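Remarks on the overall topology
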Amino acid sequence: MFENISFANPDFFWLLLILPLAIVWYIFKQKEETASLRISSAKGFSYKSILPKLKPGLFILRLLAIGAIIIAMARPQTEDISTRTKTTKGIDIVIAIDVSSSMLARDLKPNRLSALKDVAADFIKKRPNDRIGLVVYAAESYTKTPVTTDKSIVLNALSEITYGQLEDGTAIGMGLATSVNRLKESTAKSKIIILLTDGVNNSGFIEPQTASDLAIEYGIKTYTIGLGTNGNALSPISYNADGSFRYGMRQVEIDEELLKDIALATGGRYFRATDNESLEEIYDEINKLEKTEIEEFKYYRYEEKFRPWVLLAGALLLVEWILRNTLFRSFV
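Summary of the structure given here.

Rules and cut-offs
- Residues numbered from 1 in each chain as written.
- Predicted model: local features only at pLDDT ≥ 70, side-chain atom pairs only at ≥ 80, totals over all residues.
- Heavy atoms only, no water.
- Helix = DSSP H or I, 4+ residues; strand = E, 2+ residues; numbered from the N terminus.
- Buried < 20%, exposed > 50% of the residue type's maximum accessible area, 1.4 Å probe, protein only.
- 1 Å grid on protein atoms, 1.4 Å probe; cavity = no way out; pocket = protein on both sides within 12 Å on 5 of 7 lines; lining within 4 Å.
- Points joined across faces, edges and corners; volume = space filled by probe spheres on them.
- Nonpolar A, V, L, I, M, F, W, Y, C, P; charged D, E, K, R; others polar.
- Polar contact = N/O pair within 3.5 Å; in protein donor to acceptor, adjacent residues only side chain to side chain.
- Patch = residues over 30% accessible without salt bridge, like charges linked within 9 Å, V, L, I, M, F, W, Y side chains within 5 Å.
- Areas by Shrake-Rupley, 256 points an atom, 1.4 Å probe, with all protein chains shown as cover.
- Salt bridge = Lys/Arg side-chain N within 4 Å of Asp/Glu carboxyl O.
- Pairing = 2+ DSSP bridges.

Let's shift gears to the overall build of the protein. Along the backbone of the protein there are 10 helices and 11 strands. Per-residue burial over the protein gives 39% buried out of 332 residues.

And the structure:
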């Protein structure tokens, strides 16, 4: 009966202390009222009625009625809560991913591109209220997915990104410009680009500085990530006869100054990821820096449950009154 029940006036439960006090009072009162009679023979009193032994039941009925009244005064009720959330400050995000051959380097496990895809997927899952799009670039760039709230589409597109879809090279300016183009018409309160590369700008017909100026003009913040260990990494250096890559040690070259300048100019930050763990930490940090404001509305509906207790108390008092004035009338 008390399942999923709350009480509007729980302080009234202190009144339940009356019940044990009343029981103590009743016991002492009965002892004082009990009379004794000495007779020479009990033959004339062989009939024994059970009613005197049941008389305390009247008191118990009254105590139960009082207990039910106290519970009713505490106002038991069921609570139905419905919640509605509203995004008050949405964020549009474009993740720009370098897919040049150097992204197959194995200083991250199993390689840079695969490690990035895993971490980016976790990041996307943690942003359920934002619109997210994907841009891929190498010597050129294109939009893999426009900004959308459908995370299944974005995650599926992310899983399909591989090396070889574009001419090899690293066109940072192109990747950034294409990302800006996806966000320039956005009406979101906040617009950001997460641009990742593991190399130096060596391709494309749009300079990174020009793309950075476009981002500033449209109020787009850019977080840049340099991916690769410090020193040398096992990287593709040539092709085997079967068309697969031959790997060898190659020095890691990242234009950190360029990436820092882009981030600083647009109001973002530059990060360096040298292993899988640091890459995860960077995306977690960006996730914390870019908070989406969510407003939550809770609606409460209460249904009063005191009436059954009032009816129970009334029924108990009625039964007690009837018994007291019928079966137990001679003993009252």
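Right, picking up where we left off after that structure.
Before going further, it helps to spend a moment on the layout of surface pockets. The space that makes up the largest pocket amounts to roughly 390 Å³. Forming the boundary of the largest pocket are 22 residues, of which Ser100, Ser101, Ser102, Pro236 and Arg250 lie nearest the centre. A total of 5 residues in the lining of the largest pocket trace back to one element, the largest contributor, which is strand 8 (residues 232-239). Looking at the lining of the largest pocket, its residues break down into 7 nonpolar, 10 polar and 5 charged.

Here the focus is the side chain of Asn276. Within the element layout of this structure, Asn276 appears in helix 9 (residues 276-289). A polar contact of 2.9 Å, which involves the side chain of Asn276, links it to the backbone oxygen of Lys109.

A grouping of Phe12, Leu15, Ile18, Ile69, Met73 and Leu317 is seen on the molecular surface, where their side chains present a nonpolar patch of about 440 Å² in accessible area. Within the fold, Leu317 resides in helix 10 (residues 307-324). Leu317 sits in the partly exposed class, given a relative accessible area of 34%.

Remember that side chains alternate between the two faces of the sheet whenever the strand is regular. Examined bridge by bridge, strand 8 and strand 9 (residues 245-251) share 7 bridges and lie antiparallel to one another. Within strand 9, the position partnered with Leu234 by the bridge is Met249. Between strand 8 and strand 9, which pair antiparallel one after the other, the connecting turn spans 5 residues, and Gly243 there sits at a positive phi close to 95°.

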